[in-house]
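# Examining the three-dimensional arrangement
Read off the chains here:
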Amino acid sequence: MDSRFWLALALWSSAAACVATVVGAVAGAQAPAPPPSAAADELLRNGIAAQQQGDMRGAIEDYRKALEIVPGMAEARANLGAALAAVGDFDGAIREDTLAMVNAPDKTAVRMNLALAYYKKGDWSHARTEFAEVHAARPGDVNVAMLLGYANVKAGKAQEAAAQLGPLERGHESNSDFEYVLAYALIESGKAEEGLPRMEKSAQATNSIDAWVIAGSARLHRREFHEARKDLEEAVKISPDFPGLQTMVGQARDALGDTDAALPAFEAALKQDPRDFTANLYLGTMRLKQRDMESARPMLELAIQLEPNMPQAQLQMAKLNSMTGKLAEAAMTLEGLEKADPNWLDPHIELAAIYYKLHRPDDGQRERDIVQQIEAKQQKQGPPK
């Protein structure tokens, strides 16, 4: 899941004070320079007033006019960056914040704006670099630490995030945002056993769909289907249209043998995204088991089109071809699967039946013998861990 989670908005709001301090800290504290003209001063004041009243477009216009008169006016430049970020022009904000860094006396405040602009843009590599600088200057600021940790996770540095946040946890165990980021870092760095209880605790405290989805997805990956179903169904209560959620709910229900409940979840997933590979494969397979070949075929064909090398999709298509009389085509597919993974039981089972239908009893008996050998080996090894 690659969306920018609720945390992005929550921490952006909690960091808004940092944006406001740029207006105050930079204004009136500029490095020695020729005094700006009265017109630039007036435009700066007008811009600050407009920004404080939520009129970002008006503020942007005033700051730009002030900068036309005095290009080195750091406070106008920094405030312009904050206003541009507020209206979603993150590239513009990054440009202005970078320029403001040249003359700003409080470079940390401006750098925080720059880091937040990268963060909101989703440029995690640059965001983590800038947050690291701010964190070094403000090591006691837990919001900065969380933002840095989250950016590190999104930049693929989950182990670094977990190592950074872990020592800070003491005293912040009741901070649901902090626990969310730490849990996310632990899960993504392969320490799900430590991260999942924290993530579910945060989810229960905040009823955040993203926390439930991350927890449920991790549980599903770990084949902890009862726990996965519980977490994912909590997410469905909040937002059933969350991307990919219905597919995961269907998988968890199906793994627990609850086909009747899995079917509507996969149907909902396909209404939301008709090209969802997993939902097409699962629902096509279910229709095939119901011997509804007319419904199964288009879904399995699309699954093959989307993931032509996926063995499970190839297996189900071979079953469909076998059931509809395309025996030679089915045998060819199964022979390829058997060659790729000789210890996979299902292709041997299907091939044994098809060879007998094709009047190839020797080949059919060979496949039956292989099935018995694999089953004996599996019994000896015991259930998969």
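To start, this report covers the structure provided alongside it. Position numbers for residues count from 1 along each chain, tracking the sequence in the order it is written. Local features in a predicted model are, by the rule used here, given only for residues with pLDDT of at least 70; side-chain atom pairs are given and counted only at 80 or more, and totals for whole chains, interfaces and linings are based on all residues. With hydrogens and water stripped out, all remaining heavy atoms of the structure feed into the side-chain values.

This brings us to the overall build of the protein. Where helices and strands are cited, they refer to DSSP runs of H or I of at least four residues and of E of at least two residues respectively, numbered from the N terminus. On a plain count of helices and strands, the protein comes out with 22 helices and zero strands. Residue pairs at least 24 apart in sequence account for 51% of intrachain contacts in the protein once pairs closer than 6 positions are excluded. For the protein, the accessible area works out to roughly 18900 Å², and carbon and sulfur atoms hold 51% of it. Should any heavy atoms of two residues lie within 4.5 Å, those residues are considered in contact. Exposure was quantified through the Shrake-Rupley algorithm and a 1.4 Å probe, taking into account, for residues, occlusion by the shown protein chains and nothing else.

Moving on to helix 5 (residues 74-86). Helix length check: helix 5 (13 residues) gives 18 Å between terminal C-alpha atoms against 18 Å at 1.5 Å per residue, within 8%. For every residue, the accessible area (1.4 Å probe, protein chains only) is compared with the maximum for its type, and the residue is labelled buried under 20%, exposed over 50%, or partly exposed between those bounds. Burial analysis of helix 5 places 12 of its 13 residues in the buried class, the great majority of the element. Regarding helix 5, the residues found buried are Ala-74, Glu-75, Ala-76, Arg-77, Ala-78, Asn-79, Leu-80, Gly-81, Ala-82, Ala-83, Leu-84 and Ala-85. Helices are assigned an expected span. That span is 1.5 Å times one less than the residue count.

With that settled, consider the environment of Glu-68. Mapped onto the elements of the fold, Glu-68 is located in helix 4 (residues 56-69). Between the C-alpha atoms of Glu-68 and Ala-40, which are 28 residues apart in sequence, the distance is 8.5 Å.

Here the focus is the pattern of salt bridges. Side chains that differ in charge, positive against negative, can pair when their charged atoms come close. The rule for a salt bridge is simple: a side-chain nitrogen of Lys or Arg has to be within 4 Å of a carboxyl oxygen of Asp or Glu. Inspection of the entire model under this criterion finds 22 salt bridges. Taking the shortest distance from any N to any O, the salt bridge between Glu-61 and Lys-65 comes out at 3.2 Å. In this pair, Glu-61 and Lys-65 are both assigned in helix 4, four residues apart and thus about one turn of the helix distant. Judged by its relative accessible area of 36%, Lys-65 falls in the partly exposed class. One network of salt bridges, with partners in common, ties together Glu-193, Glu-200, Arg-219, Arg-222 and Glu-224.

For the rest of this paragraph, the subject is the side chain of Asp-62. Checked against the element boundaries, Asp-62 lands in helix 4. It is Lys-65 that comes nearest to the buried, bridge-free Asp-62 among opposite-charge side chains, at 5.2 Å. Contacts of Asp-62, omitting those with residues within four sequence positions, involve Leu-43, Asn-46 and Gly-47. Note that His is not counted, nor are the chain ends; the positive residues are Lys and Arg, and the negative ones are Asp and Glu.

Quick look at the nonpolar core now. Note on terminology: a nonpolar core comprises buried Ala, Val, Leu, Ile, Met, Phe, Trp, Tyr and Cys residues joined through side-chain atoms within 4.5 Å. Membership of the largest hydrophobic core comes to 73 residues, with the highest contact counts inside it found for Met-73, Phe-131, Met-199 and Leu-245. With near-sequence residues (within four places) excluded, Met-199 lies in contact with Tyr-180, Ala-183, Tyr-184, Ile-187, Ala-211, Ile-214 and Ala-215. Among the nonpolar cores identified, the runner-up in size contains 11 residues, and Leu-315, Ala-318, Ala-330 and Tyr-355 belong to it.

Look at helix 4: 20 Å from first C-alpha to last across 14 residues, which is about the 20 Å you get at 1.5 Å a residue. What helix 4 keeps buried is the set Gly-58, Ala-59, Ile-60, Asp-62, Tyr-63, Ala-66 and Leu-67. Looking at the packing, one finds that the buried side of helix 4 touches helix 3 (38-52), helix 5 and helix 6 (90-103).

Take the packing of helix 3 against helix 5 next. Close contact between helix 3 and helix 5 brings their axes to 11 Å; oriented N to C, the two are set at 25°. Here helix 5 runs roughly parallel to helix 3, going by the angle between their axes. Between helix 3 and helix 5 the crossing geometry is left-handed. Side by side, helix 3 and helix 5 meet where Leu-44, Ile-48 and Gln-51 of the first sit next to Glu-75, Ala-76, Asn-79, Ala-82 and Ala-83 of the second. Grouping the amino acids of the contact of helix 3 with helix 5 by side-chain chemistry returns five nonpolar, two polar and one charged. Angles run from 0 to 180 degrees between N-to-C directions of axes, and those axes are lines fitted to C-alpha atoms, restricted for helices to the stretch in contact. Small angles under 35 degrees read as roughly parallel and large ones over 145 as roughly antiparallel, with 65 to 115 read as roughly perpendicular and the rest as oblique. In this scheme the crossing of two helices becomes right-handed for a clockwise turn of the near helix relative to the far one and left-handed for an anticlockwise turn of less than a right angle. Think of it as three bins: nonpolar holds Ala, Val, Leu, Ile, Met, Phe, Trp, Tyr, Cys and Pro, charged holds Asp, Glu, Lys and Arg, and polar takes everything else, Gly as well.

For Phe, Tyr and Trp, rings pair up if their centres lie within 6.5 Å, where Trp contributes its six-membered ring, and each pair is then called stacked (planes under 30 degrees apart), edge-to-face (over 60) or tilted (otherwise). Applying the stated criterion to the full structure yields seven aromatic pairs. When the ring of Trp-124 is compared with that of Tyr-150, the centres are 5.8 Å apart and the planes differ by 75°; the resulting orientation is edge-to-face. Taken as a pair, Trp-124 in helix 8 (residues 124-137) and Tyr-150 in helix 9 (residues 142-154) lie far apart in primary sequence, 26 residues in all. Its relative accessible area of 11% is what places Trp-124 among the buried residues. Taken together, the ring pairs in this structure connect Tyr-119, Trp-124, Phe-131, Tyr-150, Tyr-180 and Tyr-184 into an aromatic cluster.

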